[in-house]
Amino acid sequence: MSMQDCYNFQDFRRLAKRRLPAPLFHYIDGAADDEWTAKRNTEAFNSVALIPNALADLSHLDLSTTLFRRKLAMPLFCAPTGMTRLFHPEGEYAVARAAAQAGTLYSLSTLSTVSIENIGKVSDQPKMFQIYIHKDRGLTHELVERCQLAQFDALCLTVDTLVAGNRERDRRTGLVMPPNLTLQSMLSFALHPRWAYHYLRSEKFQLANVADRISTGTDSLVSVMNYVNSQFDRTVVWKDAEAIIAQWNQPFAIKGIMSVEDAKRAADIGASAIMISNHGGRQLDGCAAPFDMLPRIADAVGDRLEIILDGGIRRGSHVLKALAAGAKACSIGRSYLFPLAAGGQIGVERALTLFRDEIERDMILMGCASLRDLSSEQLMRVQ
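Treat the numbers as computed from the prediction; the structure is a model and nothing was measured.

Let's talk about the overall build of the protein
Scanning the protein from terminus to terminus reveals 15 helices and twelve strands. Computed over the C-alpha atoms, the radius of gyration of the protein is 20 Å, within 12% of the 21 Å expected from 2.2 N^0.38 for a compact globule of 383 residues. Overall, the protein is about 60 × 50 × 40 Å in size when its C-alpha atoms are taken along their principal axes. Buried residues in the protein amount to 57% of all 383 residues.

Right, here's the structure in full:
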């Protein structure tokens, strides 16, 4: 199987499974507890069917949207993911360059292995930085200032990771703190010498944005899990988010919103966007899917905020369903991490191209010349 044999999410997933040591594959693929929520994130799209219109004027197609005051070539972008260079040596650089090539936004995580400043230099593409509030509020303040200097377009505060979720696959593979690798896991690393070669030859792994300030827990995947539990502040409340919004004074999203009341609070404190997200099912299992909550949140605050749906996107038709239900754009995580692991920047570029092709093809079949043509009238509940 090669990159050219990959046409969808499952193809990239299979190829990534071949190329990654098992503990790293399962780190991407896994979720919390019984992984019900991770599955529901995608299955939720099956609860509605699309209703196409016939004989529409499709002489000019427009897939573009405006998000955070920047024009995107398509309504899909790359969500923030941590430790990306563990899955391919090109890491965050590969994803940022692929997103720029696709004319869309790239999101950099606080837990990235490439710095804010270095990503800021990649291109003039739309960029967002995803931030957590640390116990050391001075560090949080410093990260915001660095994003301002690096000319990021938006800031995104993640609010659903006060403690790391119970990811039992990582326990089974030994990818925990302290490490407890099984014989099978160690054998998997040994059987992937290409990954080991690139990992050892590449720049030392570290959490590039915080390593200068905090040494403990920033130099390996297993210690990062400990970092989350020890450094993230569990006492964060709405006034803390409001303070960051005031400091940033530019487009600001809150990621991890799953209720109408929280969406209203986000609008009240001055957020310009929300990301309806349950962290890919990696935090609270049994939680509703973002698409389950999208219509009622859109009804409540769709005229006050830009709404981004994050979670479960596997097809272009999922994007169209989300937009018809009230989202302004969608973001993907695993849907670019598996292509990254399978083929670096080329893999991510191929995945984003396939998504764009699917969105365009489905818009034609829906009789929609523009994203503005999509509405809830073109959705029918089937379950």
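Focus: the nonpolar core
Ranked by size, the top nonpolar core spans 107 residues in total, and within it Ile274 and Leu294 carry the most contacts. Ranked by the residues each element gives to this core, the list is headed by helix α15 (residues 334-366), at 14 residues. Discounting residues that sit within four places of it in the chain, Ile274 has contacts with Ile254, Ile257, Ala263, Ala266, Ile297, Val301, Leu305, Glu306, Ile307 and Ile308. In this structure, Leu105, Ala273, Ile308 and Ala329 belong to the second largest nonpolar core, which totals 13 residues.

Topic: the pairing of strand β7 (residues 154-158)
With five of five residues buried, β7 lies mostly within the body of the structure. Side chains of β7 alternate between two faces, with Ala154, Cys156 and Thr158 and Leu155 and Leu157 buried alike. Across four bridges, strand β6 (residues 127-131) lies against β7 in parallel orientation. Residue pairing across strands places Met128 opposite Ala154, the latter belonging to β7. Crossover β6 to β7 through helix α6 (residues 137-149) is right-handed. Across four bridges, β7 lies against strand β8 (residues 252-257) in parallel orientation. Looking at β8, one finds that Thr158 is bridged to Lys255.

Basis of the calculations
Residues numbered from 1 in each chain as written. Predicted model: local features only at pLDDT ≥ 70, side-chain atom pairs only at ≥ 80, totals over all residues. Heavy atoms only, no water. Helix = DSSP H or I, 4+ residues; strand = E, 2+ residues; numbered from the N terminus. Rg over C-alpha atoms; globule rule 2.2 N^0.38 Å. Buried < 20%, exposed > 50% of the residue type's maximum accessible area, 1.4 Å probe, protein only. Core = buried A, V, L, I, M, F, W, Y, C linked by side-chain atoms within 4.5 Å. Contact = heavy atoms within 4.5 Å. Pairing = 2+ DSSP bridges. Right-handed = clockwise from strand over helix to strand, strands pointing away.

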